[in-house]
Amino acid sequence: MADPYIFKDDLEYTLRYWWLLALFLLAGAAIGWGFSLIHPPQYEAQAEISINIDISRTGTLTGESQDILIDNVGDIIGAPAVMAALQDELDPPAVQQVYLERKADRFALRVVGSDPQRVKLLAERWTSLAIAELDQAARHVVAAEILERYLDALTKCVEQLPSVGSSGQICGVPTLSDVQTAIQQAGAQLLQEKAASLGLIPGVRYWLSQSAQLSGRPVQYNRKYLLLGGAIIGLALGLWLLHLRLPERIKGGGRGD
């Protein structure tokens, strides 16, 4: 019958050979360091697009509402059409990762890879695509504003019909039926323009606050994880070997010789 496991015995034995446990831990970390050297250093290029909300246009907004408007700009910067165009130009392993990071009232467009020039070029390309998408959405915002004013004018004309009388044109439109048709058409166009504005509204301004730039020195992004993982594996292996009483087995084998 096997002897019952006693944790206290294992703990005392481990403390007795603590130096061996530390040796395994350091060896594991050293192996993790060695693996990190195999992978090339990573460079990062970053551009920033800032957002400002003009409350004279939007009216007073809560903090949550402002966050939503800023997030809408981020959705356009990372829109599927933008990322699809960017994906076509990815060149792994020269470029390994692109991601968007919000920083309060601005967005950082970050590109990481092993080729610094390629990384910077791709960050510039992403910036260009994002600004173009924002500009297109802004044009639809302006078109929607014009349509809203036009609809308001037509609606006021219809409200004033009793005072205008049945003779003559109604706001430059020959008949009431034509006015109703114009309202329906303008309403449909307004819905299309608002959908094409991608959540952008009047009063939300954006600009390129930082062009694409390489960060300082290259970074080994995975080095700390490899070091930590190697140390944990070394520690676990050391604990297991001490549980198996490896030092005693080695001593016993040496005496047997």
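Residues numbered from 1 in each chain as written. Predicted model: local features only at pLDDT ≥ 70, side-chain atom pairs only at ≥ 80, totals over all residues. Heavy atoms only, no water.

Q: What should I look at first to understand the overall build of the protein chain in this one?
A: Tallying secondary structure elements over the protein chain gives 10 helices and four strands in all. Taken from N to C terminus, the helices and strands of the protein chain fall in the order α-α-β-α-α-α-β-β-α-α-α-β-α-α. In the protein chain, which comprises 257 residues, the share counted as buried stands at 31%. The contacts of the protein chain with a sequence gap of at least 6 include a subset with a gap of at least 24, amounting to 80%. (Helix = DSSP H or I, 4+ residues; strand = E, 2+ residues; numbered from the N terminus. Buried < 20%, exposed > 50% of the residue type's maximum accessible area, 1.4 Å probe, protein only. Contact = heavy atoms within 4.5 Å.)

Q: Sorry, what's going on with the nonpolar core here?
A: Across soluble globular proteins, you tend to see nonpolar side chains buried next to one another. Counting 30 residues, the largest nonpolar core has Ile 49, Val 73, Ile 77, Val 111, Trp 126, Leu 134 and Leu 200 as the members making the most contacts within it. Mapped onto this core, the elements with two or more residues apiece are β1 (43–53), α4 (63–77), α5 (80–87), β3 (106–113), α6 (116–159) and β4 (204–214). Looking at which element gives the most residues to this core, the answer is α6, with nine residues. Filtering out sequence-adjacent residues up to four positions away, Val 73 remains in contact with Ile 51, Phe 107, Leu 134, Leu 200 and Val 204. (Core = buried A, V, L, I, M, F, W, Y, C linked by side-chain atoms within 4.5 Å.)

Q: I keep staring at the pairing of strand β2 (residues 97–103) and nothing clicks. Help me out?
A: Where a strand is regular, its side chains alternate between the two sheet faces. Bridge count between β2 and β3: seven bridges; the pairing is antiparallel. Each bridged residue has a counterpart across the sheet, and for Val 98 the counterpart in β3 is Val 111. As consecutive antiparallel partners, β2 and β3 are separated by two residues, and within that stretch Ala 104 has a phi angle of approximately 60°, a positive value. (Pairing = 2+ DSSP bridges.)

Q: Looking at this model, I keep getting lost on the packing of α5 against α6. Mind explaining?
A: Angle between the axes and distance between the axes: these two values describe a pair of packed helices. Orientation of α5 relative to α6, taken along the N-to-C sense of each, is 150°, at an axis distance of 10 Å. As judged from the angle between their axes, α5 and α6 are roughly antiparallel. Here α5 runs over α6; the crossing is right-handed. In this structure, α5 uses Ala 81, Val 82, Met 83, Ala 85 and Leu 86 to contact α6, whose residues at the interface are Leu 122, Arg 125, Trp 126, Leu 129, Ala 130 and Glu 133. When grouped by side-chain class, the residues that make up the contact of α5 with α6 number nine nonpolar, no polar and two charged. (Axes fitted to C-alpha atoms, helices over the stretch in contact; angles between N-to-C directions. Parallel < 35°, antiparallel > 145°, perpendicular 65-115°, else oblique. Left-handed = near helix turned anticlockwise from the far one by under 90°. Nonpolar A, V, L, I, M, F, W, Y, C, P; charged D, E, K, R; others polar.)

Q: Even after reading the chapter, I still don't get the pairing of β1, so can you show me in this structure?
A: The element β1 is extensively covered by neighbouring structure, given that nine of its 11 residues are classed as buried. Pairing of β1 with β3, which is carried by eight bridges, proceeds in the antiparallel orientation. The partner of Ala 47 across the bridge, within β3, is Leu 109. Pairing analysis gives eight bridges linking β1 to β4, with the strands arranged antiparallel. Residue pairing across strands places Gln 46 opposite Gln 213, the latter belonging to β4.

Q: Just checking my understanding: could you explain a nonpolar patch on the surface for this structure?
A: There is a patch of nonpolar side chains on the surface, built from Leu 25, Leu 26, Leu 235 and Leu 239 and spanning about 320 Å² of accessible area. Residue assignment for the nonpolar patch shows that the elements contributing at least two residues are α2 (18–38) and α9 (223–243). With respect to the helices, strands and loops of the structure, Leu 239 is situated in helix α9. (Patch = residues over 30% accessible without salt bridge, like charges linked within 9 Å, V, L, I, M, F, W, Y side chains within 5 Å. Areas by Shrake-Rupley, 256 points an atom, 1.4 Å probe, with all protein chains shown as cover. Salt bridge = Lys/Arg side-chain N within 4 Å of Asp/Glu carboxyl O.)

Q: Looking at this structure, how should I read unusual backbone geometry?
A: For Ala 104, which is not a glycine, the phi torsion comes out positive at approximately 60°. The backbone of Leu 198 sits at a positive phi, close to 55°, despite the residue not being glycine.

Q: Help me understand the sheet that holds β1, please; the structure alone is not making it clear to me.
A: Strand pairing in a sheet is mediated by backbone hydrogen bonds. Such pairs are either parallel or antiparallel. Within the open sheet, the four strands sit side by side as β2-β3-β1-β4. Their pairing is antiparallel. Edge strands, defined here as strands with exactly one partner in the open sheet, are β2 and β4. When strand polarity is set aside, the average angle formed by the axes of neighbouring strands in this sheet is 15°. On the sheet, α6 packs against β1, β2, β3 and β4 and is oriented at approximately 170° with respect to β4.

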